[in-house]
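# A structural walkthrough
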Amino acid sequence: MATTTDPELPLAGTRILVADDEVMIALNLEETFREAGAEILSAATVPQALVAARDPGLTAAILDVRLGRDTSEPVADVLSQRGIPFFFYSGQMLSPGMQAKYPHVPVLTKPVRQDAFMSCMVTLVGRERALA
């Protein structure tokens with residue numbers, strides 16, 4: 001995927017996983033990232049998110065802490081092992097175990113303004129591009 005420095009498309013050339021089981025929130029996130037130039041992989045369950053987390057072209061991810069009755073911890077584990085940057089976006093706090101496991105992963109608590117999660121994603125992607 002090509003990358004760009006176009007300020008109107010700060011996520012151009014990226015493939016982002018949006019893992020959220022709340023349809024309206026997921027659609028809002030997807031639309032926002034698409035408008036910024038990203039290709040989107042969507043997941044509403046942990047099994048779907050695990051498949052997407054293994055996508056070879058994945059650039060970054062945003063994870064709800066809970067997907068249905070399960071936590072997104074196994075997905076975060078795959079992303080961490082692969083070196084894919086991600087952040088949590090949830091109405092729930094991370095468990096103490098997840099806080100200890102992911103101390104440097106940003107956590108945005110719902111509700112969050114659109115510009116806040118966009119800024120977080122652009123920062124994550126920007127770091128990865130700087131390292132490439």
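In what follows, the structure referred to is the one given above.
Each helix and strand in the protein was counted, giving five helices and seven strands. Beginning at the N terminus, the succession of helices and strands in the protein can be written as β-α-β-α-β-β-β-α-β-α-β-α. Computed over the C-alpha atoms, the radius of gyration of the protein is 14 Å, within 12% of the 14 Å expected from 2.2 N^0.38 for a compact globule of 132 residues. The C-alpha extent of the protein, read off along each of the three principal axes, is 40 × 30 × 25 Å. Nonlocal contacts in the protein, meaning residues at least 24 apart in sequence, comprise 66% of its contacts between residues at least 6 apart. Approximately 6,900 Å² of the protein is accessible, and the part contributed by carbon and sulfur atoms is 56%. For the protein, the distance from the average site of its 11 positive side-chain charges to the average site of its 16 negative ones is 5 Å.

This paragraph deals with the environment of glycine 97. Position of glycine 97 relative to the elements: it lies in helix α4 (residues 96-101). In this structure, the C-alpha to C-alpha distance between glycine 97 and glutamate 73, residues 24 residues apart in sequence, is 9.8 Å.

For the rest of this paragraph, the subject is the nonpolar core. Side chains of nonpolar character tend, in soluble globular proteins, to be buried together. Judged by nonpolar contacts, the single largest core of 25 residues is most densely connected at Leu17, Leu63, Val75, Leu79, Phe86 and Phe88. Contributions of two or more residues to this core are made by β1 (15-19), β2 (39-43), α2 (46-53), β3 (60-63), α3 (73-82) and β6 (86-90). Ranked by the residues each element gives to this core, the list is headed by α2, at five residues.

Right, let's get into the packing of α2 against α3. Each pair of packed helices gets described by two things: the angle between the helix axes and the distance between those axes. The N-to-C vectors of α2 and α3 enclose an angle of 5°; their axes lie 9 Å apart at closest approach. The pairing of α2 with α3 is recorded here as roughly parallel in orientation. Note on element contacts: α3 touches α2 through Pro74, Val75, Val78, Leu79 and Arg82, opposite Val46, Ala49, Leu50 and Ala53. Taken together, the residues of the contact of α2 with α3 break down into eight nonpolar, no polar and one charged.

Further remarks concern the pattern of salt bridges. Using the criterion set out here, one finds eight salt bridges in the structure. A salt bridge links aspartate 77 to lysine 101, with the nearest nitrogen and oxygen atoms 2.9 Å apart. Here the residue aspartate 77 occupies a position in helix α3, and lysine 101 occupies one in helix α4, the gap between them amounting to 24 residues. Here aspartate 77 falls in the partly exposed class, since its relative accessible area comes to 22%. Bridged by salt links that share partners, the residues Asp20, Glu22, Asp64 and Lys110 form one connected network.

Our focus in this paragraph is the side chain of aspartate 55. Within the secondary structure layout, aspartate 55 lies in the loop between α2 and β3. A residue is classified by how much of its surface remains accessible, and aspartate 55, at 18% relative accessible area, is buried. In contact with aspartate 55, not counting residues within four places along its chain, are Arg15, Leu41 and Arg82.

Conventions adopted
- Residues numbered from 1 in each chain as written.
- Predicted model: local features only at pLDDT ≥ 70, side-chain atom pairs only at ≥ 80, totals over all residues.
- Heavy atoms only, no water.
- Helix = DSSP H or I, 4+ residues; strand = E, 2+ residues; numbered from the N terminus.
- Rg over C-alpha atoms; globule rule 2.2 N^0.38 Å.
- Contact = heavy atoms within 4.5 Å.
- Areas by Shrake-Rupley, 256 points an atom, 1.4 Å probe, with all protein chains shown as cover.
- Lys, Arg positive; Asp, Glu negative; His and termini not counted.
- Charge placed at Lys NZ, Arg CZ, Asp CG, Glu CD.
- Core = buried A, V, L, I, M, F, W, Y, C linked by side-chain atoms within 4.5 Å.
- Buried < 20%, exposed > 50% of the residue type's maximum accessible area, 1.4 Å probe, protein only.
- Axes fitted to C-alpha atoms, helices over the stretch in contact; angles between N-to-C directions.
- Parallel < 35°, antiparallel > 145°, perpendicular 65-115°, else oblique.
- Nonpolar A, V, L, I, M, F, W, Y, C, P; charged D, E, K, R; others polar.
- Salt bridge = Lys/Arg side-chain N within 4 Å of Asp/Glu carboxyl O.

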